[in-house]
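Observations on the three-dimensional arrangement
One letter stands for each residue in the lines below.
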Amino acid sequence: MNILAINGGKPVRDTYLPYGQQWIDDEDIEEVVKVLKSDFLTTGPKIEEFEKRFADYVGAKYAVSISNGTAALHAACFAAGIKEGDEVITSPITFAASANCVLYQGGKPIFADIDPKTYNIDIEDVERKITKKTKAIIPVDFTGQPVDIDGINDIAKRYGLIVIEDAAHSFGAEYKGKKIGSLVDMTTFSFHPVKHITTGEGGMITTNDEKLYNKLKLFRTHGITRDKEMLQNKDEGPWFYEQLELGYNYRMTDIQAALGISQLSKIDKFLKIRREIAKKYDEYLKDIDGIILPYQEGFSNSAWHLYTIQLELEKFKVGRREIFEALQAENIGVNVHYIPVYYHPYYKRLGYEKGLCPIAEKLYESIITLPLYPKMSEKDIEDVVNALDKVLKYYRR
């Protein structure tokens, strides 16, 4: 049993355990089937219902459903007025969409380094990176732990910046007792299958600002409106509509919204299980030498999208890659979140170089994400821990 699977031994598990997975039940399926049998498949009554319920849950005045989390970020940058020549500060430890959304609008992403404990964006470095061209900040709630929102909002207020919180990881998380989604100018969410609730693909933007709300709605529908209050030609006829902006077809369907409504009814259960799994990992892994467990700030209650450990590589005979591949061979679906955005070839062609964010770059070399999702059993959790212990013991100096 002590022979690693990668060396020909028996794996800890017979079947592969992914790092994340959706939980779809019969109730979810029934709600989708109802829509399939209804008169509306695209933008119908389920969209408005989903938006209302979502806004109520997070405590925001407005919610705008959208085709995916990337589209949510793009729409938020449009509503914020990002244009060519503008700079927007974000984190390098995130999925590329958090920066790509700035490029879509002709702006320039500026990467601030991360806090070495939380792995969230470093507020002091954000302020150091502000110039006369800075228009907005896109902080990312990495792994589900909220950023220091008060600190971000204070900087934004002093410099006249817009805050777009990328909450793709943090739906249901709390900052100082308040749900994420109503604490900054705009908050974006993702409903990809590995997230807290899913609509297949899909996203949401929440805001308390009516002007931003109207811009977001316009943008997701080609920039076209039938609203008489917004039309320039108000007397053409009841069929009439106008394109006011260059928008996109970023609409969600009623099929997706029905699934989202059903999933939303289970979010508190999903969050409870995620938090319980994280606590078990904390307990089971605390005595394993050579790893640093996730640090949690006192002001936050994480939604635990990811459980990311840091390897103390100086204690092992091999690097992160060998440990990663050995865990995969044990049928544990570990992952790495994330490659620093500016490492990607596209960003290199734009002139970004290594060395911009030393703390983030060092972290990337040693992090591994462990499986965490509500359908995991106690046996699944034990398998992860046993595989990690097995692999690290083998490679420890």
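Residues numbered from 1 in each chain as written. Predicted model: local features only at pLDDT ≥ 70, side-chain atom pairs only at ≥ 80, totals over all residues. Heavy atoms only, no water.

Strand order in this open sheet of seven strands is E1-E9-E8-E5-E4-E2-E3, and the pairing throughout is mixed. The open sheet has two edge strands with one neighbour each: strand E1 (62-66) and strand E3 (108-111). For this sheet, the mean angle separating the axes of adjacent strands, direction not counted, is 25°. Two strands pair when backbone bridges link them, and strand E2 (residues 87-90) and E3 are joined in this way by four bridges, in the parallel orientation. By the bridge assignment, Val88 is partnered in E3 with Pro109. Across the sheet, helix H3 (residues 69-79) lies against E1, strand E4 (134-138), strand E5 (162-166), strand E8 (186-190) and strand E9 (203-207), angled at about 165° from E8, the strand it touches most. (Pairing = 2+ DSSP bridges. Helix = DSSP H or I, 4+ residues; strand = E, 2+ residues; numbered from the N terminus. Axes fitted to C-alpha atoms, helices over the stretch in contact; angles between N-to-C directions. Contact = heavy atoms within 4.5 Å.)

This brings us to the packing of aromatic side chains. Tallying each qualifying case throughout the model produces 26 aromatic pairs. When the centroid spacing of 5.9 Å and the interplanar angle of 90° are considered together, the rings of Tyr343 and Tyr364 count as edge-to-face. With Tyr343 in the loop between helix H10 (320-329) and helix H11 (345-349) and Tyr364 in helix H12 (residues 358-364), this pair connects stretches of sequence that are 21 residues apart. Here Tyr343 matches Tyr364 in class, with each residue buried. What links up through ring pairs into an aromatic cluster is the set Phe111, Tyr342, Tyr343, Tyr346, Tyr347, Tyr352 and Tyr364. Taking the ring centre of Trp23 as reference, the NZ or CZ of Lys269 above it sits at 4.5 Å. The residue whose ring lies beneath Lys317 is Tyr394, and the NZ or CZ to ring-centre distance is 6.0 Å. (Phe/Tyr/Trp six-rings, centres within 6.5 Å; stacked < 30°, edge-to-face > 60°. Buried < 20%, exposed > 50% of the residue type's maximum accessible area, 1.4 Å probe, protein only. Lys NZ or Arg CZ within 6 Å of the ring centre and 35° of its normal.)

For the rest of this paragraph, the subject is unusual backbone geometry. Note that the residue after His337, namely Tyr338, is joined by a cis bond; omega there is 0°. Checked against the element boundaries, Tyr338 lands in the loop between H10 and H11. You will see that Thr143, though not glycine, has its phi angle at about 65°, which is positive. As for its placement among the helices and strands, Thr143 is situated in the loop between E4 and helix H6 (149-159). Accessibility expressed as a relative area gives 7% for Thr143, which makes it buried. Backbone geometry places Asn331, a non-glycine residue, at a positive phi of 70°. Its location among the elements puts Asn331 in the loop between H10 and H11.

There is a patch of nonpolar side chains on the surface, built from Ile24, Ile29, Val33, Leu36 and Leu41 and spanning about 390 Å² of accessible area. Counting through the fold element by element, Ile24 comes out in the segment before helix H1 (26-36). (Patch = residues over 30% accessible without salt bridge, like charges linked within 9 Å, V, L, I, M, F, W, Y side chains within 5 Å. Areas by Shrake-Rupley, 256 points an atom, 1.4 Å probe, with all protein chains shown as cover. Salt bridge = Lys/Arg side-chain N within 4 Å of Asp/Glu carboxyl O.)

Between its terminal C-alpha atoms helix H13 (residues 378-395) stretches 26 Å, which fits the 26 Å expected from 18 residues at 1.5 Å a residue. Those residues of H13 lying buried are Asp380, Ile381, Asp383, Val384, Val385, Ala387, Leu388, Lys390, Val391, Leu392 and Tyr395. (Expected span 1.5 Å × (residues − 1).)

Note that an α-helix has 3.6 residues per turn; residues three or four places apart therefore point the same way. With 19 residues, helix H9 (residues 267-285) extends 27 Å between its outermost C-alpha atoms, agreeing within 8% with the 27 Å of an ideal straight helix rising 1.5 Å per residue. Along H9, the residues that are buried comprise Ile267, Phe270, Leu271, Ile273, Arg274, Arg275, Ile277, Ala278, Tyr281 and Leu285.

Further remarks concern the side chain of Asp125. Take Asp125: it is sitting in helix H5 (residues 123-129). Asp125 sits in the buried class, given a relative accessible area of 8%. A distance of 2.6 Å separates the side chain of Asp125 from the backbone nitrogen of Asp113, its partner in a polar contact. The contacts of Asp125, once residues within four sequence positions are left out, are Ala112 and Asp113. (Polar contact = N/O pair within 3.5 Å; in protein donor to acceptor, adjacent residues only side chain to side chain.)

Okay, the nonpolar core next. Formed by 42 residues in total, the largest nonpolar core has its most connected members in Phe50, Phe54, Phe171 and Phe189. Within the residue set of this core, elements represented by two or more residues are helix H2 (45-58), H5, H6, helix H8 (254-264) and H9. The leading source of residues in this core is H2, at six residues. (Core = buried A, V, L, I, M, F, W, Y, C linked by side-chain atoms within 4.5 Å.)

For the structure on display, the rule yields 29 salt bridges. Note that Glu31 is salt-bridged to Lys34, the shortest N-O span being 3.1 Å. Taken together, the positions of Glu31 and Lys34, both in helix H1 and three residues apart, correspond to about one turn of that helix. Using a relative accessible area of 21% as the deciding quantity, one classes Glu31 as partly exposed. One connected set of salt bridges, linked through shared partners, spans Arg13, Lys379, Asp380 and Asp383.

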